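# What the coordinates show
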Amino acid sequence: MNRKDLREQRLTEIAESYDREALLLEKVARRMKHEMELLQAGDLAGLCDSVVGRGEHIDDIARLEARRRELDAELSDDPGPHDLRTIAAREAVTDARVEDARRKAAAAHRRALELDAELREMVRARKAEMEMKLAEIAHGRAMSHAYNGHGRTRHAPVFLDKER
């Protein structure tokens, strides 16, 4: 395989990597929408399971990015001809194929970030709501114990007359 074919193969791999990343980010976005529904329904166990599954997609994206960095490094080390026409032709090929896939992945990434921010805000609101309910329960329990005598280990104090 000559240098030109090897370069074309690497560019194709980079473009496919961006396409795969865009698909994975779309899956992450769908999963986050589902997580929002689970949060609204109060299914916290289902939410936890979904977040774990989303983490697997994120790990796949990280592997794709690492491989793409390797391919970019190989392309930059390419000892091919360095005249202006060859460099311009290389950049045109890179722009046409890779840039389109890169734009798709960037758009999917922006959408995933927007959904992530929205989900985080929903989780913060749910957390505040749950903390308030927990504080109400703790306060109610303390009031009940104070007035009803539940949970006391000692006898209630008995006040005697001074005459006795």
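The preceding data block contains the structure.
Bear in mind the structure is a predicted one, so any value in this text is a computation, not a measurement.

## Side note on the pattern of salt bridges
- Within the structure shown, the criterion is met by 16 salt bridges.
- Here K104 and D100 are joined by a salt bridge, their closest N and O atoms 3.8 Å apart. Of this pair, K104 and D100 both sit in helix α3 (residues 84-148), separated by four residues, roughly a single helical turn.
- Taking relative accessible area as the criterion, K104 reaches 47% and is therefore assigned partly exposed.
- Of the charged contacts in the structure, one is a salt bridge between D116 and R120, with a shortest N-O distance of 2.9 Å. Placement of both D116 and R120 in helix α3 is noted, with a separation of four residues, approximately one turn of the helix.
- Within this structure, E35, R54, D116 and R120 form a network of salt bridges that share partners.

## Comments concerning helix α1 (residues 3-41)
- For α1, which comprises 39 residues, the first-to-last C-alpha distance of 57 Å matches the rise-based estimate of 57 Å (1.5 Å per residue) to within 8%.
- One or two steps after α1, the chain reaches G42, where phi turns positive at roughly 85°.

## Notes on the nonpolar core
- Formed by 25 residues in total, the largest nonpolar core has its most connected members in I14, Y18, L25, M32, V98, L115 and L119.
- If sequence neighbours within four positions are ignored, M32 has contacts with R54, A112, L115, D116 and L119.

## Topic: a positive patch on the surface
- Among the surface-exposed residues, R20, K27, R30 and K33 lie close enough to one another that they form a single positively charged patch.
- Summarising the element assignment, K27 is placed in helix α1.

## Section: the packing of α1 against helix α2 (residues 44-76)
- Contact geometry for α1 and α2: axes closest at 9 Å, N-to-C directions at 165°. The orientation of α1 relative to α2 falls into the category roughly antiparallel. The chirality of how α1 crosses α2 is left-handed.
- For the contact of α1 with α2, the per-class residue count stands at 17 nonpolar, six polar and 15 charged.

Quick notes on the rules
- Residues numbered from 1 in each chain as written.
- Predicted model: local features only at pLDDT ≥ 70, side-chain atom pairs only at ≥ 80, totals over all residues.
- Heavy atoms only, no water.
- Salt bridge = Lys/Arg side-chain N within 4 Å of Asp/Glu carboxyl O.
- Helix = DSSP H or I, 4+ residues; strand = E, 2+ residues; numbered from the N terminus.
- Buried < 20%, exposed > 50% of the residue type's maximum accessible area, 1.4 Å probe, protein only.
- Expected span 1.5 Å × (residues − 1).
- Core = buried A, V, L, I, M, F, W, Y, C linked by side-chain atoms within 4.5 Å.
- Contact = heavy atoms within 4.5 Å.
- Patch = residues over 30% accessible without salt bridge, like charges linked within 9 Å, V, L, I, M, F, W, Y side chains within 5 Å.
- Areas by Shrake-Rupley, 256 points an atom, 1.4 Å probe, with all protein chains shown as cover.
- Lys, Arg positive; Asp, Glu negative; His and termini not counted.
- Charge placed at Lys NZ, Arg CZ, Asp CG, Glu CD.
- Axes fitted to C-alpha atoms, helices over the stretch in contact; angles between N-to-C directions.
- Parallel < 35°, antiparallel > 145°, perpendicular 65-115°, else oblique.
- Left-handed = near helix turned anticlockwise from the far one by under 90°.
- Nonpolar A, V, L, I, M, F, W, Y, C, P; charged D, E, K, R; others polar.

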